Amino acid sequence: MTHDHPAHSTPHETVRALREEVEQGSGERDAFGHRLHTRGSKIHLQRRAFMNRLFATTGAVAFAGMLAACSDDGSTTSSDSASGAPSGAPTDGGGPGGDGGAPGGMSDGITDEFVGLTTDGTVIEDLYSIDSTGVSTDAVVAAASAWLASLSSDQQDEVTFDIDPDDYTEDEFRMWSNVDGYQRQGLSLEDMTDEQKSLAMAILEAGMSAVGLSNSDTIIKLNQYAGELIDNTDQFNEGLYWFTIMGTPSSTDPWGWQIDGHHLVVNYFVLGDQVVMTPTFMGSEPMQANFGTDSEYEGLSLFDAEFTAAIAMVNALDSDQQKVAIISSDKTGDDIKAVAFADNSEVAYEGLVATALDDDQLEKLWTLTNLFVGNVDDGHAEIKMEQVKDHVDETYFCWIGGTDDDSVFYFRIQSPVIYIEFDCETPGPVGQGWGADNEVSRQHVHSITRTPNGNDYGKALLALHLALDH
């Protein structure tokens, strides 16, 4: 997709005046039943009801902690070096986006208006532009269209949402959570026919790399294994993953899809032949199906390459470099920051800048980075890695924990255009169910990949598209 005018980054809020004339009636539907879910609708009330129940049962402090770390059990502990709750998380009894008080303070929704992840609240502009990548998105357009066509009209109505709702609290893209009990929207694998399920998974196959698809499939299967392990397959199974479509699959107009479930959330934005696949949350508990059960999934494991590459990266540093990169050797809690409901997190750079690395060390850093970037299809992953490498002088690597082959640890790779966190966690409900010790373990890991400075969910590209084309 090309334009005759210069492409430049535009914060989402600055283009609202340019599209006031674009009316979006809540009763309008396209060929797929696409509609805007307005405040007061059943879907809006379901979402509000979940958050209100969570707040009422856990209280303000625990609610803030859930937003900060999105731990599976709704609580959070943090290493001394961790910053705690992300900027904007409620600390005084008010829900995010609300005006204080509980639970009515969440009347404006569960998130603040989107800004994006930054280091200090200031978005760096001119990072993203509308360009032709030369990498076709035809396959993912076709896959999403085929899945929608397989659904009944009622199902279509439940899975389709507006790509750019007038009310930001109705933005389905942003309404995701790793918490296993979260009230999700769309259609779950459990509620699909075999054909629909196959077509839904074909969307992932079309949009992700072989590695990304394998990771997703393994996470889903390990969730089933977890349920079998603690005899609770009602709460943990391979069917509890929900699919939604934002907009209408198109080779020209903006649209996207999301899979949302326990330990697996993929947000996938498409504009022409450009793709943004963030935020992507991947994790599991357990990480290895090695409990000697008779499950068909016994022997599965996740993140083997990531563990190996991370340890190789930190141990490639000399002692002086490690003193800068390792911000704490004490890994006693959950350190991940920019998770669910933390789209506007402010996380300052920490650790070692990539320009301090020699060629071999830098190659190890890019190898580790690509294990996360490379979950998207190969063509778009290559383009993203080129963009990441263009910001080498602003790329930082930091570490919490030990450096032995079997150590537990946290690391973060951060620049103006990429944000990756990988965190060994304390036990969630699954670990507690099998009697795990209450300490950080390699059997419970969370990871998040984001696009900082306003382009998670493709927001910066969407704002440009609306400003330049409408």
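Our subject is the structure listed above.
These lines cover the structure that appears in this document, whether it is placed above or below. Everything numeric in this text was worked out from a predicted model, so none of it was measured.

How each quantity is defined
Residues numbered from 1 in each chain as written. Predicted model: local features only at pLDDT ≥ 70, side-chain atom pairs only at ≥ 80, totals over all residues. Heavy atoms only, no water. Helix = DSSP H or I, 4+ residues; strand = E, 2+ residues; numbered from the N terminus. Buried < 20%, exposed > 50% of the residue type's maximum accessible area, 1.4 Å probe, protein only. Contact = heavy atoms within 4.5 Å. Areas by Shrake-Rupley, 256 points an atom, 1.4 Å probe, with all protein chains shown as cover. Core = buried A, V, L, I, M, F, W, Y, C linked by side-chain atoms within 4.5 Å. Axes fitted to C-alpha atoms, helices over the stretch in contact; angles between N-to-C directions. Parallel < 35°, antiparallel > 145°, perpendicular 65-115°, else oblique. Left-handed = near helix turned anticlockwise from the far one by under 90°. Nonpolar A, V, L, I, M, F, W, Y, C, P; charged D, E, K, R; others polar. Pairing = 2+ DSSP bridges. Salt bridge = Lys/Arg side-chain N within 4 Å of Asp/Glu carboxyl O. Expected span 1.5 Å × (residues − 1). Phe/Tyr/Trp six-rings, centres within 6.5 Å; stacked < 30°, edge-to-face > 60°.

1. Considering the overall build of the protein
Across its full length, the protein holds 11 helices and 13 strands. Looking at the 470 residues of the protein, the share that counts as buried comes to 57%. Restricting the contact set of the protein to residue pairs at least 6 apart, pairs at least 24 apart contribute 73%. As presented, the protein carries roughly 17,500 Å² of accessible surface, and 46% of it is formed by carbon and sulfur atoms.

2. Some thoughts on the nonpolar core
Counting 102 residues, the largest nonpolar core has W147, W257, L365, L368, F397, W399 and F411 as the members making the most contacts within it. Beyond its immediate sequence surroundings of up to four residues, W257 is in contact with V140, F173, I203, L204, T244, I245, M246, V266, N267 and Y268.

3. Here we look at the packing of helix 8 (residues 359-373) against helix 9 (residues 378-389)
In helix packing, the relevant descriptors are the interaxial angle and the interaxial distance, both defined with respect to the helix axes. Look at helix 8 against helix 9: their axes get within 10 Å of each other, and the N-to-C directions meet at 135°. In terms of orientation, helix 8 and helix 9 fall into the oblique class. Considering only the axes of helix 8 and helix 9, their crossing is right-handed. Residues W366, T369, N370 and V373 of helix 8 pack against A381, K384, M385, V388 and K389 of helix 9. Residues of the contact of helix 8 with helix 9, tallied by class, amount to five nonpolar, two polar and two charged.

4. Re the pairing of strand 4 (residues 255-261)
With seven of seven residues buried, strand 4 lies mostly within the body of the structure. As judged from the six bridges shared by strand 3 (residues 241-246) and strand 4, these two strands associate in the antiparallel manner. Bridging across to strand 4, F243 finds its partner in I259. Counted between consecutive antiparallel strands, the loop separating strand 4 from strand 5 (residues 264-271) contains two residues, among which H263 sits at a positive phi close to 70°.

5. Describing the environment of M201
Inspection of the secondary structure puts M201 in helix 4 (residues 194-207). Here the alpha-carbon distance between M201 and L189, two residues 12 residues apart in the chain, equals 9.1 Å. Look past the residues within four positions of M201 in its chain and what remains in contact with it is L189, L213, I220 and F243.

6. Here we look at the pattern of salt bridges
Under the defined criterion, the tally for this structure stands at 10 salt bridges. Between K331 and D423 there is a salt bridge, with its nearest N and O atoms 2.8 Å apart. In this pair, K331 sits in the loop between strand 8 (326-328) and strand 9 (352-353) while D423 sits in strand 12 (residues 419-425), placing the two residues 92 residues apart along the sequence. Accessibility classification places K331 together with D423 in one group, the buried group. Linking D360 and K364 is a salt bridge whose minimum nitrogen-to-oxygen distance equals 3.0 Å. Residue D360 and its partner K364 are located together in helix 8, separated by four residues, close to a single helical turn.

7. As for the packing of helix 2 (residues 138-149) against helix 4
Relative orientation of the contacting elements helix 2 and helix 4 amounts to 165°, with a least axis distance of 8 Å. As the angle between them shows, helix 2 and helix 4 are arranged roughly antiparallel. Judged by the twist between their axes, the crossing of helix 2 over helix 4 is left-handed. Residues A139, V140, A143, A144, A146 and W147 of helix 2 form the contact with helix 4, whose participating residues are Q196, L199, A200, A202, I203, A206 and G207. A breakdown of the residues in the contact of helix 2 with helix 4 according to their chemical character gives 11 nonpolar, two polar and no charged.

8. Examining helix 5 (residues 210-229)
The end-to-end C-alpha distance of helix 5, which contains 20 residues, comes to 28 Å, matching closely the 28 Å that a straight helix rising 1.5 Å per residue would cover. Taken residue by residue, helix 5 has G212, N215, S216, T218, I219, I220, L222, N223, Q224, Y225, A226 and G227 as its buried positions. Positive backbone phi, approximately 55°, marks D231, located one or two places after helix 5.

9. Quick look at the packing of aromatic side chains
What describes a pair of aromatic rings is the distance from one ring centre to the other and the angle between the planes of the rings. One pass over the structure, following the stated rule, counts 21 aromatic pairs. When the centroid spacing of 6.0 Å and the interplanar angle of 80° are considered together, the rings of F114 and Y457 count as edge-to-face. Taken together, the positions of F114 in the loop between helix 1 (42-69) and helix 2 and Y457 in the loop between strand 13 (441-450) and helix 11 (459-469) put the pair 343 residues apart, joining distant regions of the chain. In this pair, the class of F114 matches that of Y457, namely buried. Both rings, one in F409 and one in F411, keep their centres 6.3 Å apart while their planes meet at 25°; by these two values the pair is stacked. One exposure class covers both F409 and F411, and it is buried. Grouped by ring-pair contacts, the aromatic residues F303, F307, F372, F397, W399, F409, F411 and F422 constitute a single cluster.

Any link to function would need more than the numbers given here.
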